[in-house]
Amino acid sequence: MKLEGKVAVITGAASGIGKEIALTYAREGARIAIADLNLEAAELAAAGMRVAGHEALGVGMDVANEAQVEAGIEAVVAQWGGIDILVSNAGIQIVHPIEVFPFADWRKMLAIHLDGAFLTTRACVRHMYAGGRGGSIIYIGSVHSKEASVLKSAYVTAKHGLEGLTRVMAKEGAKHGVRANLIAPGFVRTPLVDKQIPEQARELGISEDEIIKNVMLKETVDGEFTTVQDVARVALFFAAFPSNALTGQSLIVSHGWFME
Ligand code: NAD
């Protein structure tokens, strides 16, 4: 097993991509903290994993709230004595044309994606550095860490920002054996995307089918959605990589939507 005995904190792991990463890590022997705004769903997911024979803990946490992040990470360390892997995954989507983008929505987007990444990183690296056993931080960016789309000013800004944080953490973490990398998925059919399809259809005045074919998947090589399993496979690769040789990188998993 690739993650035997490791402790992983995964934010937003009660649903979608985070939930699949949690399962994938658990199957490889990691102990999993499912940190989510939705405590009930986090506890349910953790209970399901325990029934399957894994070690899992549900932790209620708004990643944009400093006190809640500090308390949540402390609870994980109290339970298992340290943290080896952080997957900063929690995220939402709010779309508007910029001329009517409510400032409150802009701030909420930046708070969840950027403050959330900062606060969870800070809380976890303190333990990773003190424990002296290194660690791996994985940011869930997006093709929108590389590329822009209309209506998504806040999301694209935040996801580009995560690339900067990844690179800084690669440099700051190196001497402690802490690596930082980013995964940039294309569109994945999760509740986050299912919500966007009708919203974008309304905003752009086209059908939901056209949003999928002509907007979301238009630039892919094969018209296919990326899957949660695709993203989890890459998250496992990053988490299990044994040295600083692989740090400060972004890996795009998008059916060729964006190529570097
Ligand atoms: P999802 O809606 O299925 O899951 C997101 C989870 O995050 C939910 O369980 C939600 O409760 C939690 N969450 C939301 N706000 C939170 C907060 N403030 N604190 C803690 N938890 C919070 O979404 P998903 O599609 O699995 O998205 C996960 C990540 O992947 C996001 O960062 C998203 O931007 C990114 N991403 C998604 C896609 C996609 O197409 N689905 C593509 C690229 C990147």
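As a starting point, this report considers the structure included with it. Just so it is clear, the structure is predicted and the values come from calculations on it, not from any experiment.

**Focus: the overall build of the protein chain**
Here's step 1: Helix and strand counts for the protein chain come out as 8 helices and 7 strands.
Here's step 2: Relative to a compact globule of 260 residues, whose C-alpha radius of gyration would be 18 Å, the protein chain shows 18 Å and is just as compact.
Here's step 3: The long-range fraction of contacts in the protein chain, counting pairs at least 24 apart against all pairs at least 6 apart in sequence, stands at 69%.
Here's step 4: Accessible surface for the protein chain amounts to roughly 11500 Å². Of this, 55% is attributable to carbon and sulfur atoms.
Here's step 5: Counting 24 positive and 29 negative side-chain charges, the protein chain places the centres of these two groups 5 Å from one another.

**Considerations on the pairing of strand E5 (residues 135-140)**
Here's step 1: Judged by how many residues are buried, E5 sits mostly within the fold: 6 of 6 residues are covered.
Here's step 2: What you see with E5 is no split at all: Gly-135, Ile-137 and Tyr-139 on one side and Ser-136, Ile-138 and Ile-140 on the other are buried throughout.
Here's step 3: Taken together, strand E4 (residues 85-88), helix H4 (residues 103-131) and E5 constitute a β-α-β crossover, and its handedness is right-handed.
Here's step 4: Of the pairings in the sheet, the one linking E5 to strand E6 (residues 178-185) comprises 6 bridges and is parallel in character.

**What to know about the packing of aromatic side chains**
Two descriptors summarise a pair of aromatic rings, namely the distance from one centre to the other and the angle between the planes of the rings.
Here's step 1: This model, assessed by the stated rule, comprises 4 aromatic pairs.
Here's step 2: Pairing Phe-187 with Trp-257 gives two aromatic rings, centres 5.3 Å apart and planes at 5 degrees, and the pair type is stacked. You can see Phe-187 sitting in the loop between E6 and helix H6 (191-204) and its partner Trp-257 sitting in the segment after strand E7 (249-253), a full 70 residues away along the chain. Taken individually, Phe-187 and Trp-257 each receive the classification buried, so the pair is uniform in this respect.
Here's step 3: In textbook terms, an aromatic cluster arises when at least three aromatic residues are bridged by ring pairs, as seen for Phe-237, Phe-238 and Phe-241.

**Observations concerning the sheet that holds strand E2 (residues 31-36)**
Here's step 1: On the basis of which strands lie adjacent, the open sheet formed by 7 strands has the order E3-E2-E1-E4-E5-E6-E7 and parallel pairing. The open sheet has two edge strands, strand E3 (56-60) and E7, and neither has a second partner. Across the sheet, the mean angle from the axis of one strand to that of its neighbour is 20 degrees, orientation sign disregarded.
Here's step 2: Bridge count between strand E1 (residues 7-11) and E2: 5 bridges; the pairing is parallel. If you follow Val-7 over to E2, its bridge partner there is Arg-31.
Here's step 3: Across the sheet, helix H1 (residues 16-27) touches E1, E2, E4 and E5, and the angle it forms with E1 is around 170 degrees.
Here's step 4: The strands touched by helix H5 (residues 153-173) within the sheet are E5, E6 and E7, with E6 carrying the most contacts at an inclination of about 160 degrees.

Definitions and cut-offs
- Residues numbered from 1 in each chain as written.
- Predicted model: local features only at pLDDT ≥ 70, side-chain atom pairs only at ≥ 80, totals over all residues.
- Heavy atoms only, no water.
- Helix = DSSP H or I, 4+ residues; strand = E, 2+ residues; numbered from the N terminus.
- Rg over C-alpha atoms; globule rule 2.2 N^0.38 Å.
- Contact = heavy atoms within 4.5 Å.
- Areas by Shrake-Rupley, 256 points an atom, 1.4 Å probe, with all protein chains shown as cover.
- Lys, Arg positive; Asp, Glu negative; His and termini not counted.
- Charge placed at Lys NZ, Arg CZ, Asp CG, Glu CD.
- Buried < 20%, exposed > 50% of the residue type's maximum accessible area, 1.4 Å probe, protein only.
- Right-handed = clockwise from strand over helix to strand, strands pointing away.
- Pairing = 2+ DSSP bridges.
- Phe/Tyr/Trp six-rings, centres within 6.5 Å; stacked < 30°, edge-to-face > 60°.
- Axes fitted to C-alpha atoms, helices over the stretch in contact; angles between N-to-C directions.

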